[in-house]
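Examination of the molecular architecture
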Amino acid sequence: MPFLGQDWRSPGQSWVKTEDGWKKTAKDENETNNNVSERKSYCKEEHDKENLILSINYDVAAKKRKKDLLNNNTKIPYFHKDKWIYVHKGSTKERHGYCTLGEAFNRLDFCSAIKDSRRFNYVVRLLELIAKSQLPSLSGVAQKNYMNILERVVQKVLEDQQNVRPIKELLQTLYASLCSLVQDMGKSVLVGNINIWVHRMENILQWQQQLDNIQINRPTNTGMTFLDLPASLQLNIMHCLSDGRDLVSLGQVCPDLSVLTEDRLLWKKLCQYHFSDRQIRKRLMVSDKGHLEWKKMYFKLCRCYPHKEQYSDTLQFCTHCHILFWKDTNHPCTANNPESCCKAVSPQGFINLFKF
């Protein structure tokens, strides 16, 4: 005869009527004992499993935190390293989706472009423009790729001991941008854990310190030096310099070079190289003797206008095929006259291509 237990949903227990009264059946007692032992073993197994799962989750979480903290040291592949990409600005039946700035930055071969002296300044300028305003628009993978390419640029400068000033300016610009962006992490302007970006900012400070401590190694050759050259050859070499600050630094070496760096024709060519005739006419400066002060005009123009960007090698864009490619590589153009469809793309123009 079954009886209901304390929980009315339970099946109860089996009892039998004897001369001494109602008693549980022996079978039920054995089953009860077995059930109790089974429940205990089951609870123990479940408890062990739960502890094992918790320990595994703890280890995974600890590894993830460590990975997030040191994520900047994890190198990622530079993706396809394509010589050219198709820049599509809309979805069609033949092609779906858009080409974003981050996708183009990942796919184009900027890694090899850093090693090419003709493209180095172009890539540095592009990194600077992205650091100023476009870094939040990049995907998380593209942001990581940006930092890895920047690290390669710094390593190249430290090895070659060239182009130190523009890289220091790039790092300063990037650090200032990150300081303002990190404060807005709640707005999701940067992708990733805050610890990752703090670690990257520490790396930027470390790179700046390394660039500040760089020491130019003097050549071991004891032959003819720059000062041994005739003044005409020294002037010809100075005409190859494109930054007036380099001329000022060169003039501080010795009195003879100081005289040469004051050459009016030298500063006139610098003004005409970086600025248009209209800009020069607006900032004319005349000395007491009636001569144009080209040196003073150059620094005044630098404060008022950006430099005219000129590069040895740039990216090209085919308006017929909508393909972005490096100048010395071919692309599958279907136009009758491919050269007429291609135009040079400045770093700012590269960013403008992906503004929809």
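- Labelled according to an unreviewed UniProt entry, the chain appears under the name F-box only protein 32, originating from Cyprinus carpio.
- As its UniProt record puts it under Subunit (unreviewed entry), the chain is described as follows: "Part of the SCF (SKP1-CUL1-F-box) E3 ubiquitin-protein ligase complex SCF(FBXO32) formed of CUL1, SKP1, RBX1 and FBXO32."

1. Considering the sheet that holds strand E5 (residues 315-318)
- Reading across from one edge, E4-E6-E5-E7 is the order of the four strands in this open sheet, with antiparallel pairing throughout. Either end of the sheet is taken by a strand with one partner, and the two such strands are strand E4 (84-86) and strand E7 (342-345). Neighbouring strand axes in the sheet, compared pairwise and without regard to direction, differ in orientation by 25 degrees on average.
- With three bridges joining them, E4 and strand E6 (residues 323-326) adopt antiparallel strand pairing. Along E6, the bridge assignment pairs Trp84 with Phe325.

2. Some thoughts on the nonpolar core
- By size, the foremost hydrophobic cluster in this structure holds 52 residues, and its most contacted members are Phe110, Tyr146, Leu324 and Phe350.
- Considering every element that reaches this core, the biggest residue donor is helix H4 (residues 117-134), with nine residues.
- Within the second largest apolar cluster, 17 residues are counted, among which are Leu260, Trp267, Phe275 and Tyr305.

3. Some words on the packing of helix H5 (residues 140-160) against helix H6 (residues 164-182)
- Running from N to C, H5 and H6 cross one another at 150 degrees; their axes reach a closest spacing of 10 Å. In terms of axis orientation, H5 runs roughly antiparallel to H6. For the element pair H5 and H6, the recorded crossing hand is left-handed. For the pair H5 and H6, contact is made by Tyr146, Met147, Leu150, Val153, Val154 and Val157 and by Val164, Ile167, Leu170, Leu171 and Leu174, respectively.
- A per-class count over the contact of H5 with H6 returns 11 nonpolar, no polar and no charged.

What counts, and where the lines are drawn
- Residues numbered from 1 in each chain as written.
- Predicted model: local features only at pLDDT ≥ 70, side-chain atom pairs only at ≥ 80, totals over all residues.
- Heavy atoms only, no water.
- UniProt positions renumbered as here; feature names shortened; annotations may be inferred.
- Pairing = 2+ DSSP bridges.
- Helix = DSSP H or I, 4+ residues; strand = E, 2+ residues; numbered from the N terminus.
- Axes fitted to C-alpha atoms, helices over the stretch in contact; angles between N-to-C directions.
- Core = buried A, V, L, I, M, F, W, Y, C linked by side-chain atoms within 4.5 Å.
- Buried < 20%, exposed > 50% of the residue type's maximum accessible area, 1.4 Å probe, protein only.
- Parallel < 35°, antiparallel > 145°, perpendicular 65-115°, else oblique.
- Left-handed = near helix turned anticlockwise from the far one by under 90°.
- Contact = heavy atoms within 4.5 Å.
- Nonpolar A, V, L, I, M, F, W, Y, C, P; charged D, E, K, R; others polar.

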